[in-house]
Amino acid sequence: MSASKILLAALGLVVLAVLAVGVWAVGSYNGLVRLQQGTDKQWAQVQNVYQRRADLIPNLVSTVAGAANFEKSTLTAVTEARASVGRVHVPPSTAPTNPSQLAAFDQAQGQLGAALSRLLVVSENYPQLTATAGFRDLQAQLEGTENRISVERGRFNDAVMAYDTAIRQFPGVILAGVLGFAARPYFTAAAGAETAPKVDFGGKP
């Protein structure tokens, strides 16, 4: 075989190798983008259900405040907890990459959830309040929202796991490092999370 043919064959192999790497890179990049977009989509869902809870609170507080001698400190705690959630700045459409940022958001939402639970417990002391259709409807909506929050948080963690795994496994880790695909944090379980929270306080705790 002549030297020119050997050179052409070698060049052909190089071209094929470059094309193969290019196809791999494009496919891997597109896959990482899809997974990243999946985390953003689930983050938006998490934001939606938390916003739904926040939107219920003014009506709930207004309804409860109408009860004679209702504990004002309980209402104040709910109002302040809702306001504290608004002071935590998180990306509205992109899943956070900063664990401390997500932790601050989660903590504020947890404090709001605890304040709402306390409000519903205290409401049991006001039969004239719990007997009203408006209160019962708001309570049922809140219960449904809390369930949705739990579901969407779980789906978000699933999406983050798929994405974080992809950017840490070989050979995706190479592309992720070069193109700046950063890992994203999970929601973590709070102490006592193994016990399902009780939101519907139809009976005595």
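Model, not experiment: these values are computed from the prediction.

A. Broad picture of the packing of aromatic side chains. This model, assessed by the stated rule, comprises seven aromatic pairs. With centroids separated by 4.8 Å and ring planes inclined at 40 degrees, the aromatic side chains of Phe 70 and Tyr 126 adopt a geometry described as tilted. With a gap of 56 residues between them, Phe 70 in the loop between α1 (3-65) and α2 (72-86) and Tyr 126 in the loop between α3 (99-123) and α4 (127-130) connect regions that are remote in the sequence. Phe 70 gets classed as buried once you look at its relative accessible area, which sits at 2%. By the ring-pair criterion, three or more aromatic residues cluster together here, those being Trp 43, Tyr 50, Phe 105, Phe 156 and Phe 187. A cation over an aromatic ring shows up here: Arg 184 above the ring of Tyr 163, its NZ or CZ 5.6 Å from the ring centre.

B. Region of interest: the packing of α2 against α3. The contact between α2 and α3 brings their axes to 9 Å, and the two run at 160 degrees. Comparing the axis directions of α2 and α3 gives the class roughly antiparallel. At the point where α2 passes α3, the crossing takes the left-handed sense. Contacts from Thr 74, Leu 75, Ala 77, Val 78, Ala 81, Arg 82, Ser 84 and Val 85 in α2 reach Ala 108, Gln 109, Gln 111, Leu 112, Ala 115, Leu 116, Arg 118, Leu 119 and Val 122 in α3.

Analysis parameters
Residues numbered from 1 in each chain as written. Predicted model: local features only at pLDDT ≥ 70, side-chain atom pairs only at ≥ 80, totals over all residues. Heavy atoms only, no water. Phe/Tyr/Trp six-rings, centres within 6.5 Å; stacked < 30°, edge-to-face > 60°. Helix = DSSP H or I, 4+ residues; strand = E, 2+ residues; numbered from the N terminus. Buried < 20%, exposed > 50% of the residue type's maximum accessible area, 1.4 Å probe, protein only. Lys NZ or Arg CZ within 6 Å of the ring centre and 35° of its normal. Axes fitted to C-alpha atoms, helices over the stretch in contact; angles between N-to-C directions. Parallel < 35°, antiparallel > 145°, perpendicular 65-115°, else oblique. Left-handed = near helix turned anticlockwise from the far one by under 90°. Contact = heavy atoms within 4.5 Å.

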